[in-house]
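Listed below are the residues making up each chain.
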Amino acid sequence: MKLLAKWPSEKAVRFACLLGLVALALMVAGVLLGTSLPVVASMSVAQGIGVLAGLLYVVTVAAEAARK
Amino acid sequence: MSPFGALALLTAAIAGALLVHHLVARPPLTLATRLRLLLGLGVFPFLCAVATTGSGMERTTEREFCGSCHVMGAHLKDVEDPNSESLASRHARNPMFGGHACYTCHADYGMLGYPMTKLTGMSHVWYYYGGGYRHWPLDKFLAEVRVAKPYPNANCRQCHSGTLTSFKDAKEHRAMARELEENTVSCASAGCHGVAHPFSKRKDEL
């Protein structure tokens, strides 16, 4: 709970947005380029980064709820 | 572009626009902002990930995908040559194989065939980028690299089932029925139907 109370929500959400954009860019590259490395990255690394961005968002929402 | 690919681009564009808007406008974290972020960081990226996976899985069954690594260039060239008499090229000219010729012949079949084929494909990507094949000249690759395990006759028999009289009546098939069943003699070997990619073999292998 202490960690959630000190959670830097604004920064975390902005970082999540950046991570989300990186993940989306990798996924789009996989679809558009269609060669081995981009396709494999779009189905693995990109989705991992996307999950991380989503988790940051969830923690931020939880932190905001805990503060209230 | 496949429907999966189009869906991936559409959802990525929507999610990207929502995220860029948040980064530029920097709105306070009100309920409306959180809902917008739920769409931009949750719903649309999830849809994009699903569509990307569908598109990627489809793409990895295409001939051009296999040929996108330079060490497969000779295989791709031979398969696309309308005058080639190789076993692989003759099969690729069949519309049932066509643009998916590599996958149709090399995919494992059975219940776990699809994921096992994809896992094997991942090892090829690893060898290419992590194992140094990427920097190998084509001559060296063709001289030194061979298929990882004997080509299973069961793959041939997905189409050439071996139950027709014309198959059973061939004296070579009758004489080697056991070896064919046990995969100790390959359909695609010298003396039988010939190797699938003859240009990739040394003279003593033909």
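**Student:** Can you explain the environment of B:A32? Please cite residues and give values.
**Tutor:** Residue and element names in this part refer to chain B. With respect to the helices, strands and loops of the structure, A32 is situated in helix α2 (residues 31-59). According to the C-beta neighbour criterion, A32 is exposed, with 10 such atoms within 10 Å. On a C-alpha basis, the gap between A32 and V147 in space is 56 Å, while along the polypeptide they are 115 residues apart.

**Student:** Run through the interface of chain B and chain A, naming residues and quoting values.
**Tutor:** With 30 residues of chain B at the interface, the matching set in chain A holds 29 residues. Of all the secondary-structure elements, those providing two or more residues to the side of chain B that touches chain A are α1 (3-25), α2 and α7 (113-129) of chain B. The element that contributes the greatest number of residues to the side of chain B that touches chain A is α2(B), accounting for 13 residues. Residue classes in the side of chain B that touches chain A are distributed as 17 nonpolar, eleven polar and two charged.

**Student:** Please set out the domain arrangement of chain B residue by residue, giving values where relevant.
**Tutor:** The assigned domain composition of chain B is domain 1 (3-59) and domain 2 (63-205). For domain 1 of chain B versus domain 2 of chain B, the separation of C-alpha centres amounts to 40 Å.

**Student:** For unusual backbone geometry, give the residues involved together with the corresponding values.
**Tutor:** All names here are of chain B. Phi is positive for R26, close to 50 degrees, though the residue is something other than glycine. Along the chain, the position of R26 falls in the loop between α1 and α2. Unusually for a residue other than glycine, N183 sits at a positive phi of about 65 degrees. Following the sequence through the fold, N183 ends up in the segment after α12 (177-182). Residue N183 is classed as partly exposed on the basis of its 14 C-beta neighbours within 10 Å.

Conventions we followed
- Residues numbered from 1 in each chain as written.
- Chains lettered and ligands numbered in written order.
- Predicted model: local features only at pLDDT ≥ 70, side-chain atom pairs only at ≥ 80, totals over all residues.
- Helix = DSSP H or I, 4+ residues; strand = E, 2+ residues; numbered from the N terminus.
- Buried ≥ 20, exposed ≤ 12 C-beta atoms within 10 Å, placed from the backbone.
- Contact = placed C-beta atoms within 7 Å.
- Nonpolar A, V, L, I, M, F, W, Y, C, P; charged D, E, K, R; others polar.
- Domains from an automatic or database assignment.

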